[in-house]
There are 2 protein chains.
Amino acid sequence: AMSSINKSAHPFDKTRLDALLNRRFFYAPAFEIYGGVAGLYDYGPSGSALQANIIAEWRKHFIVEEGMLELDTTIMTPASVFETSGHVARFADWMVKDAKTGDVIRADHLVKNVLESRLVGDKEARGQVATPAKEDEKDKKKKKKATKSAAVKLEDEVVKSYETTLAQLDNFSGPELGELCRKFDVRNPDTGNEVTDPQEFNLMFASSIGPTGQHPGYLRPETAQGHFLNFSRLLEYNNGRIPFASAQIGRSFRNEISPRAGLLRVREFTMAEIEHFVDPEDKSHPRFKDMQDVVLVLLDRHVQSSGNTSTIKMSIGEAVSKGVIANQTLAYFMARIYLYLLKIGIDPDRLRFRQHMANEMAHYATDCWDAEIQTSSGWVECVGCADRAAYDLTVHSAKTGHPLVVREALKQPIVTEKEVAELDKKTLGRTFKQDAGILQKHIESLEEEALLSLKEQLSEGSTSIFINGKGFEITPDLLRIERRTFKQSIREYTPNVVEPSFGLGRILYSLLEHTYWSREQDIERGVLSLPPVVAPTKVLIVPLSSKEEFDPLVQEVSSKFRKAGVFSRVDDSNTSIGKRYARNDELGTPYGVTIDFACEYRDMFTFVRCLLVDFTAENQIFVFTLIFGDTILTLSKTALQNSTMTLRERDTMDQRIGPIDDVIATVTDLVEGSIDWAEACRRLPVYDGVQAID
Amino acid sequence: AMSSINKSAHPFDKTRLDALLNRRFFYAPAFEIYGGVAGLYDYGPSGSALQANIIAEWRKHFIVEEGMLELDTTIMTPASVFETSGHVARFADWMVKDAKTGDVIRADHLVKNVLESRLVGDKEARGQVATPAKEDEKDKKKKKKATKSAAVKLEDEVVKSYETTLAQLDNFSGPELGELCRKFDVRNPDTGNEVTDPQEFNLMFASSIGPTGQHPGYLRPETAQGHFLNFSRLLEYNNGRIPFASAQIGRSFRNEISPRAGLLRVREFTMAEIEHFVDPEDKSHPRFKDMQDVVLVLLDRHVQSSGNTSTIKMSIGEAVSKGVIANQTLAYFMARIYLYLLKIGIDPDRLRFRQHMANEMAHYATDCWDAEIQTSSGWVECVGCADRAAYDLTVHSAKTGHPLVVREALKQPIVTEKEVAELDKKTLGRTFKQDAGILQKHIESLEEEALLSLKEQLSEGSTSIFINGKGFEITPDLLRIERRTFKQSIREYTPNVVEPSFGLGRILYSLLEHTYWSREQDIERGVLSLPPVVAPTKVLIVPLSSKEEFDPLVQEVSSKFRKAGVFSRVDDSNTSIGKRYARNDELGTPYGVTIDFACEYRDMFTFVRCLLVDFTAENQIFVFTLIFGDTILTLSKTALQNSTMTLRERDTMDQRIGPIDDVIATVTDLVEGSIDWAEACRRLPVYDGVQAID
């Protein structure tokens, strides 16, 4: 039978989680010994491995399963590219300065923090339970700053107006944020001083390329432009066919005004972006039917505009048919994003899709939904899924003169008829000299209707055309107007782009919050219940004896796991087995196997205890001498091949036992997700023996 | 029997290879539609996949097999870090300017190109065969510039002096390069103008961090500092034990003065770096014995200093014992680098290890060997393997005050005895007032010998101490000198660092040159013989019919490959099978399987030809109607499970045939490297049937 576990015995405690992540070096502030730099973090061995697994699963779920074309483009980008894309003009946040100290604060964050803090104070004053203190506020408390919410009761209308403002916050422009600061008397909470009017601050890091300093460049704030600029090559690679998607995983940079503590708002981050190129006249998706029953939690823009944050549950099939989500392709990717996040371990009950409001949307987007994950810092945008329409390809094409279009052979050529003006240019030049050009231009610009009327006049002889008051007599030998048939067999168009864009650091941090808990019996014993697919290490190998002569057996188990594609680590440190398991619970290692040199033989002799008295090892062949009851036995490696190993599951701490190869096969199936722990328990008997011999 | 192939029927042609890499989008100049930026390249789908596989194999070969600790640190770095590391002062190249046009040229490249070009001209004048034109020169020719080597005969002494200069080129300082320009009258080959004296140009890209512009930062030019700054955390993660290694794969930036064409000298690149921390007093390596017989091609610094480039072959065991390579750890990593490069497909006959000369070495290194790979552009440094000693940890520790040291419990505490001065400070103060301090400082600074003599004098009563001409009378109640025993049980030291540093783009490009060839019968048919381990796609699935009803079978084969962990792609384009295979030879795809709907049944009926007359497919079950001789047969999917598939090997173009599952198993073994093609041929019979039916 499986043990029952209670993961919610203790309320979530961010301080404990942060301590664990620091202690186990998941990540740490970069340049810490130099005092650190806000918004820059380094990933240690556990964090790097977790990130690598999140990326590997992403690659499998999106690039491999959907046959996407992967790219790896440069970070350093000449300024002209971002001038065209609009980033130089518009990729900015609004900042205010403390009127006296000059300290810089991001305007929307200031309004949010101050109003939220007043609402907390109001709840306290009304004797209601206040919401848990925010991370930002905690940090500030540590720094002995003055943001502590005072227990001041507010008028009911004021509360209502704060709440409405907060629900719409992402929708306000800079000047509107300035007005809010004046209206609500929002001041710098650290000093109590007033703040200046919001100014725009461009978030791109600037540099210059080459030794002369004449070529300005920026570090990309997203990977997307690299896809768009390579569109023609990608289309050719895909045999000229559409739809297709490109995908890229890489570093991007944003010079945030006031980075928050932790991985949620940083200045350098790894992102994964997909650009799916689609026919603007047909945004259906060939695999939509496979996804249409996936139910998502949606927060649409109308609800938010009315100052509300209530969500609805709806299948994407229904959402598309009701017009809640703009088209099949956008909805298809939302469902795929949802499935990916669940696969790596995000709690579906703390995941929603929020639609951007009109003013909030990036300058290029026509519709956009963010996958938001709930953390102790509130709902965090982790994946954006935007329909960028034809914006990017159009502007780059216009700027460079390089056509970024699809040319598609029409199955049915489009046949049209229209009137065409045919000028005898030689005669025209001879007749009108320097005026010939003006006249030609005029005639060529005429619409169908004007041409028809001219045709009729010419059929009756000559006619006059007046340009700027000057008349020209036109005769049929100068101009003939005829009806012609046109056959268009190629359709040329600029594709639209649907862009799912993943902030991997935010996802990684949210995942750590969702999987962290403390054991019921001991709050100090933290566990990260990372799913095997992303856990940094899948199996911990714990040799109960650290004697060198046992190394060959440990190596053999280790090598068998490697061959099965299961990443294992040996922990041969000199601490107790309990401490080793506790450390690995904190590292999120889902399974542990114990090679117990005593129990192996015990198992072989139907669990009758025996005593190891001697062993020799040479050339990886080792011979054991055992006392078994009254008998002395000598066993060689061959006899051990069917020996046993115990298997421990992290969350339940259940232990099972079985022959080494059976345990390895079971773990392999568990890690690959083809069986669950209940099935593993059916395969392997429970182990409750004594473990240590050393 | 296997076909014989001749890969060297046609001489290597860089123009053809470049055209192939461009056509198949391995990589392309970044921002091409904006006119491009020198030294920046984007990887397309084939290049990205090749790079990802090179990285995956690197991770396996180094991080997994050696149990290294992976890191992922930031690119953006505050200036203070690079001030400490010495990069702000010294990470520079020498550049000269054209005295008239102001064009910027890297000084050492200028000298190299001009002298090499004169040597080529000399050979032509002497009627000897000139060495193949260099890539640089070709490019310049394209641009109609004036570097063409003139056939001018040189004096024998001049030739000798040019050759000596070229062999030592990496050893010259900036002023020395300036002298060479004057001595040899080196001018800008594009204009014929003289050049200015060499100036230093720092290669780091500068930026600034935060909204106030007050925090200067640089993009890292190497990942190494990120390892050093996290040393304490890494040591703790490794339970305080040494040696251990950290490893990081990531982007770095160098603002090269004059980037060369192609991937060999770029401004943004992916590198993989290992920092192996080792006891400075014991640079042996625990696994050295596994590697000691690996034979490397070595070019040591003494040979180069004497103006020579002749190499020797030597096992690393011998090289270390003879002092050619400084220590076991350095040599161990050189051997591991060698094995890695061979594994991914680098030709061992075009690989050597060149030792840095004294002036050439980075400011931090005590010994350094580059793995150089021979390409059409000469020998290219692809991996540096340096002993950085304790330089980095020492300077960062001194700057920040944060100890970056190992504290090791000594097995045998070190017991020492020495004389110790014990002052009665109270009496001392009372007696000498303001002079007490000076006196105390003086006494505490005395060496063992002086203390002994003082002790002797005090044993006879009082004595005098003179400081700056002033005498102080010291009595035994003021000062006692005693012999004490000290026991040191902790050894504290700054570890040394051995750093293998890989330029992955250079390795990738060299690999493409080493694996490229044209078919003997047709120079237009290029092949990239990439080993399966790095090939972007392992198996091409070629359905001979594009009828939709066959999709389920294609999907089944595809899914079986996925389950076996073998990355496959389906090519269902409408071109001939020959063209599809030719395309995939260019992409380096090692295997192709053909699902030939005719031959399947032919095989089932002992290769007697049959005719497909009809089929229906519903719910993935399909039914075929066949004419077999005089008989009409109906077959369902079940009957097809044992049907056959042909397997094609890229290099030999051999085709074999077998049941679908056998072919999949064979391909899996081939891709994993557990069997070779000869073994595959023993398993599967040759196929020489007719293929197409559609």
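Reading the values: rules and limits
Residues numbered from 1 in each chain as written. Chains lettered and ligands numbered in written order. Predicted model: local features only at pLDDT ≥ 70, side-chain atom pairs only at ≥ 80, totals over all residues. Heavy atoms only, no water. Helix = DSSP H or I, 4+ residues; strand = E, 2+ residues; numbered from the N terminus. Buried < 20%, exposed > 50% of the residue type's maximum accessible area, 1.4 Å probe, protein only. Contact = heavy atoms within 4.5 Å. Areas by Shrake-Rupley, 256 points an atom, 1.4 Å probe, with all protein chains shown as cover. Pairing = 2+ DSSP bridges. Axes fitted to C-alpha atoms, helices over the stretch in contact; angles between N-to-C directions. Least-squares fit on C-alpha atoms with pLDDT ≥ 70 in both. Buried area = accessible area lost by both parts, 1.4 Å probe. Salt bridge = Lys/Arg side-chain N within 4 Å of Asp/Glu carboxyl O. Polar contact = N/O pair within 3.5 Å; in protein donor to acceptor, adjacent residues only side chain to side chain. Nonpolar A, V, L, I, M, F, W, Y, C, P; charged D, E, K, R; others polar. Left-handed = near helix turned anticlockwise from the far one by under 90°. Phe/Tyr/Trp six-rings, centres within 6.5 Å; stacked < 30°, edge-to-face > 60°. pLDDT = per-residue confidence, 0-100. Expected span 1.5 Å × (residues − 1).

Let us now look at the overall build of chain A. Per the secondary structure count, chain A includes 25 helices and 31 strands. In chain A, which comprises 694 residues, the share counted as buried stands at 54%. Contacts in chain A between residues at least 24 apart in sequence constitute 70% of all its contacts with a sequence separation of at least 6. For chain A, the exposed area adds up to about 30,800 Å²; of that, 49% sits on carbon and sulfur atoms.

All names here are of chain A. Across the sheet, which stays open at both edges, the three strands sit in the order β6-β5-β7 with antiparallel pairing between neighbours. Two strands in the sheet have a free side with no partner beyond their single neighbour: β6 (104–106) and β7 (199–202). When the angles between neighbouring strand axes are averaged without regard to direction, this sheet yields 50°. Where strand β5 (residues 92–97) lies against β6, three bridges are found, and the strand directions are antiparallel. Note on β6: the bridge partner recorded for Met 95 is Arg 106. Relative to the sheet, helix α5 (residues 107–125) contacts β5 and β6, its axis offset from that of β6 by approximately 75°.

With that settled, the discussion passes to the relation of the copies chain A and chain B. Of the two same-sequence chains, chain A is brought onto chain B (RMSD 0.2 Å, axial shift 0.0 Å) by a rotation of 180°. The operation mapping one copy onto its partner corresponds to a two-fold rotation axis. Ranked by how close their C-alpha atoms come to the rotation axis, the residues of chain A are headed by Ser 207 of chain A, at 2.7 Å. Comparing interface residues between copies, 100% of those in chain A also sit at the interface in chain B, which points to an isologous, same-surface contact.

With 74 residues of chain A in contact, the opposing surface of chain B contributes 74 residues. Summing both sides of the interface, chain A and chain B together bury roughly 6,400 Å²; the carbon and sulfur share of this comes to 59%. Our count for the chain A to chain B interface comes out at four salt bridges. The salt bridge involving Arg 233 of chain B is made with Glu 32 of chain A; its shortest N-O contact spans 3.0 Å. Counting the contacts that link chain A with chain B gives 34 residue pairs in polar contact (both at pLDDT 80 or more). A total of five residues in the side of chain A that touches chain B trace back to one element, the largest contributor, which is helix α2 (residues 45–64) of chain A. Tallied by class, the residues present in the side of chain A that touches chain B amount to 35 nonpolar, 23 polar and 16 charged.

A word on the packing of α2 of chain A against helix α14 (residues 328–344) of chain A. All names here are of chain A. As a packed pair, α2 and α14 sit with axes 11 Å apart at the nearest point and diverge in direction by 145°. For the pair α2 and α14, the crossing hand works out as right-handed. Where α2 approaches α14, its residues Ile 54, Glu 57, Trp 58, His 61 and Phe 62 are matched on the opposing element by Arg 336, Ile 337, Leu 339, Tyr 340, Lys 343 and Ile 344.

What follows deals with the sheet that holds strand β25 (residues 568–570) of chain B. Residue and element names in this part refer to chain B. The strand order β25-β24-β26-β30-β31 describes an open sheet built from five strands, whose pairing is mixed. Bordering the open sheet on either side are β25 and β31 (655–659), each of which pairs with just one other strand. Pairs of neighbouring strands in the sheet enclose a mean axial angle of 25°, with direction left out of account. Looking at chain direction, strand β30 (residues 644–649) and β31 are connected through five bridges and run antiparallel. By the bridge assignment for β31, Met 645 is matched with Gly 658. Each of β24 (539–543), β26 (591–595) and β30 is contacted by helix α21 (residues 577–586), which is oriented at about 170° to β24, the strand it contacts most.

What follows deals with the pattern of salt bridges. Residue and element names in this part refer to chain A. Under the counting rule described, the total for this entry stands at 110 salt bridges over all chains. Salt-bridge contacts for Arg 484 lead to Glu 482; the nearest nitrogen and oxygen are separated by 3.5 Å. Salt-bridge contacts for Glu 679 lead to Arg 682; the nearest nitrogen and oxygen are separated by 3.1 Å. Remark: Arg 682 and Glu 679 occur in helix α25 (residues 677–683); sequence separation between them is three residues, near one turn of the helix. On the basis of relative accessibility, which here comes to 26%, the residue Glu 679 falls in the partly exposed class. Bridged by salt links that share partners, the residues Asp 93, Arg 106, Asp 108, Glu 256 and Arg 265 form one connected network.

Quick look at the packing of aromatic side chains now. Applying the stated criterion across every chain, the model contains 36 aromatic pairs over all chains. Relative to Phe 244 of chain A, the ring of Phe 231 of chain A has its centre 6.1 Å away and its plane inclined at 15°; by these criteria the two rings are stacked. Remark: Phe 244 of chain A occurs in strand β10 (residues 244–253) and Phe 231 of chain A occurs in helix α10 (residues 231–237); sequence separation between them is 13 residues. You'll find Phe 231 of chain A and Phe 244 of chain A in the same group, each marked buried. A ring pair is formed by Phe 231 of chain B and Phe 277 of chain B, whose centres lie 4.9 Å apart and whose planes are at 50°; its orientation type is tilted.

The topology assignment puts Asp 551 of chain A in helix α20 (residues 551–563). As a C-alpha pair, Asp 551 of chain A and Ile 33 of chain A span 518 residues in sequence and 38 Å in three-dimensional space.

Moving on to the packing of α20 of chain A against helix α24 (residues 660–672) of chain A. Residue and element names in this part refer to chain A. Two elements in contact, α20 and α24, have axes whose closest approach is 10 Å; the angle formed by their N-to-C orientations is 35°. The handedness of the crossing between α20 and α24 comes out as right-handed. From α20, Leu 553, Val 557, Lys 560 and Phe 561 reach across to α24, where they touch Ile 660, Asp 661, Ile 664 and Val 667. Counted by class, the contact of α20 with α24 contains six nonpolar, no polar and two charged residues.

Further remarks concern the confidence of the model for chain A. Residue and element names in this part refer to chain A. Looking at chain A, the pLDDT average stands at 87 and 88% of residues meet or exceed 70. A low-confidence stretch, residues 132–146 (pLDDT under 50), is modelled with 20 contacts involving residues beyond four sequence positions or located in other chains. Low pLDDT, under 50, characterises residues 599–615; the predicted model gives this stretch 50 contacts beyond four residues in sequence or across chains. Note on the complex model: pTM 0.84, ipTM 0.83.

Counted at 1.5 Å a residue, the expected span for α2 of chain A with its 20 residues is 28 Å, and the 26 Å between its end C-alpha atoms agrees. Most of α2 of chain A is tucked away, with 15 of its 20 residues classed as buried.

With that out of the way, let us pick up the side chain of Asn 230 of chain A. Residues and elements named next belong to chain A. Summarising the element assignment, Asn 230 is placed in the loop between α9 (224–229) and α10. Relative accessible area serves as the criterion here: at 4%, Asn 230 is assigned to the buried category. Among the polar contacts listed, one links the side chain of Asn 230 to the backbone oxygen of Gly 226, at a separation of 2.9 Å.

Here we come to the pairing of strand β10 (residues 244–253) of chain B. Residues and elements named next belong to chain B. Of all ten residues making up β10, ten are buried, and the element is well covered by its neighbours. Pairing of strand β3 (residues 69–71) with β10 involves three bridges; the strand directions are parallel. From the neighbouring strand, Leu 69 faces β10, where its bridge partner is Ser 246. Of the pairings in the sheet, the one linking β10 to strand β11 (residues 268–278) comprises ten bridges and is antiparallel in character. Along β11, the bridge assignment pairs Ile 249 with Ala 272.

All right, on to unusual backbone geometry then. The peptide bond linking Ile 242 of chain A to Pro 243 of chain A adopts the cis configuration, its omega dihedral lying at 0°. Secondary-structure assignment places Pro 243 of chain A in the loop between α10 and β10. The backbone of Asn 239 of chain B shows a phi angle near 60°, a positive value even though the residue is not glycine. Relative to the assigned elements, Asn 239 of chain B resides in the loop between α10 (231–237) and β10.

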